[in-house]
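Overview (structure and organization)
This is what each chain is made of:
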Amino acid sequence: MPENLMEKIVSLCKRRGFIFQGSDIYGGLANTWDYGPFGVELKNNVKRAWWKAVVYERNDMFGMDAAILMHPKVWEASGHVSSFADIVAECKGCHKRFRIEELFSQEVINQLNKKDIGGDTSAFTSLDKAIVVFNYGLRTERPKCPECKAQDFSQAAEFNLMFNTNQGLTKDDKSLIYLRPETAQGMFVNFLNILDSRHPKLPFGLAQIGKAFRNEVTPGNFTFRTREFEQMEIEYFVKPDDADKKLEDWINERFSWYINLGISAENLRKRPHGKDELAHYAKACTDIEYNFPFGWSELEGIANRTDFDLKQHAKASNKDLQFFDDATKERFLPYIIEPSGGVDRSVLAFLVDAYHEEQVREETRVVLKLHKDLAPIKVAVLPLLKKKTEIVELAKKITQDLKKSIVTVYDDTAAIGKLYRRQDEVGTPFCVTIDVQSLDDKQVTVRERDSMAQERISIDRLKEYLNNKLTNI
Ligand code: ATP
């Protein structure tokens, strides 16, 4: 891993037009990020690759795109209003607030959860219990403030992560509405609509990509933790008896997806949750984690949510959400397996994993070895002699022709060495150069990004050659 890798990624993203600070000319709005020309291509390619793998290549999945604004009762039924909160404590030295996970390692949290903290806690909600455990931990473990190293914290308190806003003209309780903190609920509440319109058999799933909003206590690490982000979520409905097996299948399937798109196996791991760590609705959960420069961190969580969500919504909406099994004539609430990943976190992991510095002769070559399906630009056409009009014309003609089926750019704004470096830095898999000889022999040079190997290809065969090398999605 190169030194200061995160700084290098952030700087490359800005310099080359992948990701900019949000509201930059106003001094920036902290922890907001805007995807620029290459960033949006990379992000769209990640989403396309996900959709292809989880919808198009399967026979049991349906796509969806639900509204961000949902009935406030959805968030009451789901438990978000009462308990979608972080437990935070304020450092008395620097007055910064921290989440429990920032003050204690997961091992310590697990140990604290197991401790008998005295009194009768049986009537406590999981949030109440977490507060008591956190306060106990602050007293006994005396963690150091990550900012100022003081060891004195205020009593822990809960902090709800949902963004509130008001709908319509009035600003009273009745107009209160939330920005969704996850896309999942849009799929649970459409379960009946899918049954009635598509008549699927179990198991089947819904897939959705969309924005989610959380008023995070401590956003940071570039796009890793932000208050506005995009999720790629699946809700997979199964017979309760099949849930354990399907959970394993999805964990393996999702793990392979990252590997197939080029993430190195040693930088990816599965982390099953301990019993104490599980959310109140989950029976089991495994995180897929990536070895970011700031440590192993969650890319995606895959959980067995049991029939919790359908049960809650059936109760709150007064609708029968049971599945009728034609074969056995049974009615029951299916269990749900939920693979829930972040688009922005995946994009960041793909960028980090692709970043390479290589010594080529005396120079350092920076190259993004992105999987060809993810690369923002697939081909760059570069004329070797800008002054010769025939070369420029031929290069532009070839560009226009390739553009019809391959994402291609034309660039003649520098000498060839510099043009190659630019394309390497944004991960373009192939560069096509047109030289004087091309005018005679009707051949061009194709240079491959990673090996830098060059091959002469006849212009007639160029599109077919490139199409074969690239998987267009
Ligand atoms: P964390 O523990 O890191 O806060 P989480 O367990 O709360 O994440 P989930 O509720 O499981 O996250 O959300 C599913 C996925 O959504 C996460 O795996 C992550 O990829 C993405 N995600 C969640 N919160 C954020 C955020 N604040 N910024 C960017 N992506 C996020």
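Note: the structure precedes this text.
Below or above, wherever it landed, is the structure these notes cover. (Residues numbered from 1 in each chain as written. Predicted model: local features only at pLDDT ≥ 70, side-chain atom pairs only at ≥ 80, totals over all residues. Heavy atoms only, no water.)

Examining the site of the ligand
Put simply, the test is: Near, as used in this document, describes a residue that has one of its heavy atoms within 4 Å of the molecule or strand being considered. A 3.5 Å cut-off defines polar contacts: any pair of N or O atoms within that distance qualifies, except that in protein one atom must be a possible hydrogen donor and the other a possible acceptor, and neighbouring residues in sequence count only when both atoms are side-chain atoms. All accessible-area figures derive from a Shrake-Rupley calculation using a 1.4 Å probe, and residue coverage is judged against the displayed protein chains alone. Numbering of helices and strands starts at the N terminus; helices are DSSP runs of H or I of at least 4 residues and strands are runs of E of at least 2. The residue classification treats Ala, Val, Leu, Ile, Met, Phe, Trp, Tyr, Cys and Pro as nonpolar and Asp, Glu, Lys and Arg as charged. All others, Gly included, are polar.
Looking at the ligand, there are 15 residues lining it, with E216, R225, T226, E298 and L299 nearest. Contact distances for the ligand include 2.9 Å between an oxygen atom and a side-chain N or O atom of R214. Within the backbone of F224, a nitrogen or oxygen atom sits 3.3 Å from a nitrogen atom of the ligand. Notes on the ligand: free accessible area 590 Å², of which the protein chains cover 80%. Contributing elements (two or more residues each) for the shell around the ligand: β10 (228-238), β13 (295-304) and β16 (335-342). Looking at the shell around the ligand, the element that brings in the most residues is β13, giving 4 residues. Residues that form the shell around the ligand fall into these classes: 3 nonpolar, 6 polar and 6 charged.

Examining unusual backbone geometry
Of note, the amide linkage connecting L202 to P203 takes the cis form, showing an omega dihedral of -5°. With respect to the helices, strands and loops of the structure, P203 is situated in the loop between α9 (191-198) and β9 (204-213). Phi at R142 is positive, roughly 45°, even though this residue is not glycine. With respect to the helices and strands, R142 occurs in the loop between α7 (126-141) and β6 (157-160). For K149, which is not a glycine, the phi torsion comes out positive at approximately 70°. Summarising the element assignment, K149 is placed in the loop between α7 and β6.

Some words on the pattern of salt bridges
Which entries qualify depends on this criterion: We count a salt bridge whenever a side-chain nitrogen from Lys or Arg sits within 4 Å of a carboxyl oxygen from Asp or Glu. Only protein chains enter the area calculation, which uses a 1.4 Å probe; residues under 20% of their type maximum are buried, those over 50% are exposed, and those in between are partly exposed.
The final tally for this structure, using the stated rule, is 36 salt bridges. Between R16 and E425 there is a salt bridge, and its shortest N-O distance comes to 2.7 Å. Here R16 is found in helix α1 (residues 5-16), whereas its partner E425 is found in helix α14 (residues 416-426), with 409 residues between them in sequence. A relative accessible area of 25% means that R16 is categorised as partly exposed. One salt bridge connects R254 with E300, and the closest N-O pair in it is separated by 2.8 Å. Taken together, the residues R254 in helix α10 (residues 243-260) and E300 in strand β13 connect sequence positions 46 residues apart. It is possible to trace a salt-bridge network through shared partners that takes in R269, R271, E277, D287 and E289.

A short note on the sheet that holds strand β4 (residues 85-90)
Condition: For two strands to count as paired, DSSP must find a minimum of two bridges between them. Working convention: axes come from line fits to C-alpha atoms, limited for helices to the stretch in contact. Angles between N-to-C directions cover 0 to 180 degrees.
Here we have 3 strands laid out as an open sheet, ordered β5-β4-β6, and antiparallel in their pairing. On the outer flanks of this sheet lie β5 (97-99) and β6, each paired with one strand and no other. When strand polarity is set aside, the average angle formed by the axes of neighbouring strands in this sheet is 45°. When β4 meets β6, the two strands line up antiparallel, connected through 4 bridges. Opposite I87, over in β6, you have E158 as the bridge partner.

Quick notes on the sheet that holds β9
This is how the line gets drawn: In this description, contact between two residues means that some pair of their heavy atoms is separated by no more than 4.5 Å.
Strand order in this open sheet of 7 strands is β3-β9-β10-β16-β13-β12-β11, and the pairing throughout is mixed. Each having just a single partner strand, β3 (61-64) and β11 (268-272) make up the two edges of the open sheet. Neighbouring strand axes in the sheet, compared pairwise and without regard to direction, differ in orientation by 25° on average. Where β10 meets β16, 6 bridges bridge the pair, whose relative direction is antiparallel. In the strand pairing of β16, M232 is matched with G341. Seen against the sheet, α9 touches β3, β9 and β10 and runs at an angle of roughly 140° to β9.

These results come straight from atomic positions and should not be treated as a statement about function.
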